[in-house]
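Single-letter residue listing:
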Amino acid sequence: MNSRVDHAVLNNVAWCGIVCGTHGIKHTIKGNLWGLHRKAPTFYPEIITVSRNAMSEEVRYFIENGDVSSIKDSYTNLDLLPYGFTILFEAEWIYHASVSIVNSIQSTWRVITTEKDLAEWTSASDLENVIKPNLLKFSDVKIFMNEKNGELSGFIANLSANVVGVSNVFSTSNESVWEDIPGQVSTEFPGVSMVGYEHNNDLKAAQLSGWTSIGPLRVWGKQ
C-alpha cells in the first residue's frame, strides 16, 4: 500500500476512528474492513474498506454483529445490493501537495484552541454533537476557523498515514475556501501532502482551486 489513494484511505480510517473514540465507540479491523459494532456518529459510516482486496461478503460480519446503516466503499469495488444497500453518493479522493507558506497566510484564519470557539464552529457547520471538545486535546488534529465580514468558514486537518486529511470543509458565505486550505495546513504540518474526498459542487470547488482527483469512492446506505 503506497499509492496516494491508499494513504487517503488509511488517513480517513484513522480520522473516523478518532471521531468514534471521542463518542466512546470502539472500532476494530476485521479482514479488509474497518468497522463498528454499534451506530456511528451522524455523518460517519459503520464500515470502511481498508484494502482494494475487500470482498462484498465481508460486510456480513459487521451487519450480523452491529447496527450498520452506511458503508464507505473506498475503492468502488463492492456490490452491496444483495445486502439491502443502495448507493447514497459517489465521490472522489483528492490530493494537494504541500505548499510554501509564503504569501499563503491570511490573518483571519486561526486554529481553534477553546471550547467556546469550537461551539461556534460546530454551530455554523451543523456538526453540534458530532465534533466533540475532546478533539482539542489531539496534537495531530487541527480545527481551523476563519471569521471574515461576518461570515464563518472552517475545516479539520488530521495527520495520519504520512498525509494530512482535510475534512468537514464549510463556509456560511458563498465563497470557496479550498484555495486557502493548502497554505493553512502547510503552516501547521509543513512538508506533508494533503488528501480528502468530496463530491458534487464541493469537488468542483476543490478542483478549481488546484486539488487533483486521484480515485473514486462510494458511500452505500441501507434501503
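Please refer to the structure placed before this passage.
No experiment lies behind these values; they were computed from the predicted model shown. (Residues numbered from 1 in each chain as written. Predicted model: local features only at pLDDT ≥ 70, side-chain atom pairs only at ≥ 80, totals over all residues. Heavy atoms only, no water.)

What follows deals with the overall build of the protein chain. Helix and strand content of the protein chain: five helices and eleven strands. Taking 223 residues into account, the globule formula puts the C-alpha radius of gyration at 17 Å, and the protein chain, at 17 Å, falls close to it. In terms of overall dimensions, the protein chain has C-alpha extents of about 50 × 35 × 30 Å along its principal axes. Counting every position in the protein chain, which comprises 223 residues, the buried fraction comes to 48%. Taking contacts inside the protein chain between residues at least 6 apart in sequence as the whole, the part at least 24 apart equals 67%. Summed over all atoms, the accessible surface of the protein chain reaches about 10,600 Å², with 47% contributed by carbon and sulfur. Between the mean site of the 17 positive side-chain charges and the mean site of the 24 negative ones, the protein chain shows a separation of 6 Å. (Helix = DSSP H or I, 4+ residues; strand = E, 2+ residues; numbered from the N terminus. Rg over C-alpha atoms; globule rule 2.2 N^0.38 Å. Buried < 20%, exposed > 50% of the residue type's maximum accessible area, 1.4 Å probe, protein only. Contact = heavy atoms within 4.5 Å. Areas by Shrake-Rupley, 256 points an atom, 1.4 Å probe, with all protein chains shown as cover. Lys, Arg positive; Asp, Glu negative; His and termini not counted. Charge placed at Lys NZ, Arg CZ, Asp CG, Glu CD.)

We now examine the sheet that holds strand 1 (residues 27-30). With respect to topology, eleven strands assemble into an open sheet ordered 1-2-3-4-11-5-10-9-8-7-6, the strand pairing being mixed. Single-partner strands in this sheet number two, and they are strand 1 and strand 6 (109-111). Each adjacent strand pair in this sheet contributes to an overall mean axis angle of 25°, direction not counted. Both strand 1 and strand 2 (residues 33-36) contribute to a ladder of four bridges, which runs antiparallel. Looking at the pairing, Thr28 lines up with Gly35 of strand 2. Packing of helix 5 (residues 200-208) onto the sheet brings it into contact with strand 5 (85-96), strand 10 (194-198) and strand 11 (212-222), and relative to strand 5 it is tilted by some 10°. (Pairing = 2+ DSSP bridges. Axes fitted to C-alpha atoms, helices over the stretch in contact; angles between N-to-C directions.)

This structure, assessed with the given rule, holds five salt bridges. Note that Arg110 is salt-bridged to Asp117, the shortest N-O span being 3.1 Å. Put simply, Glu147 and Arg110 hold a salt bridge, and the shortest N to O gap is 2.9 Å. Of the two residues, Glu147 sits in strand 7 (residues 141-148) while Arg110 sits in strand 6, which places them 37 residues apart along the sequence. Here Glu147 falls in the partly exposed class, since its relative accessible area comes to 35%. The exposure class assigned to Arg110 is partly exposed, which follows from its relative accessible area of 31%. Among the charged side chains, a salt-bridge network with shared partners connects Arg110, Asp117 and Glu147. (Salt bridge = Lys/Arg side-chain N within 4 Å of Asp/Glu carboxyl O.)

Relative to the elements of secondary structure, Asp67 occurs in the loop between helix 2 (59-64) and strand 4 (70-73). When the C-alpha positions of Asp67 and Arg38 are compared, they lie 5.2 Å apart, and in sequence the two are 29 residues distant. Apart from the residues within four sequence positions on either side, Asp67 is in contact with His37, Arg38, Lys39 and Glu46.

So, about the side chain of Asp73. Following the sequence through the fold, Asp73 ends up in strand 4. No salt bridge forms around the buried Asp73; measuring N to O, its nearest opposite-charge neighbour Arg218 is 4.1 Å away. Of note is the side chain of Asp73, whose polar atom sits 3.2 Å from the backbone nitrogen of Thr76. A distance of 3.3 Å separates a polar atom in the side chain of Asp73 from a polar atom in the side chain of Trp220. Dropping the residues within four chain positions of it, Asp73 is found in contact with Thr49, Leu78, Leu217, Arg218 and Trp220. (Polar contact = N/O pair within 3.5 Å; in protein donor to acceptor, adjacent residues only side chain to side chain.)

Below, the discussion takes up helix 1 (residues 4-22). Helix length check: helix 1, at 19 residues, gives a terminal C-alpha distance of 27 Å against a target of 27 Å (1.5 Å per residue), a fit within 8%. Positive backbone phi, at 75°, marks Gly24, one or two positions downstream of helix 1. (Expected span 1.5 Å × (residues − 1).)

Here the focus is the nonpolar core. Trp15, Trp34, Tyr44, Trp121, Ile131, Ile143 and Ile156 are the most contacted members of the largest nonpolar core, which has 35 residues in total. Beyond its immediate chain neighbours, meaning those up to four positions away, Ile143 contacts Arg110, Val111, Ile112, Leu118, Trp121, Ile131, Leu135, Leu136, Phe155 and Ile156. Within the second largest apolar cluster, 19 residues are counted, among which are Ile181, Ala205, Ala206 and Trp211. (Core = buried A, V, L, I, M, F, W, Y, C linked by side-chain atoms within 4.5 Å.)

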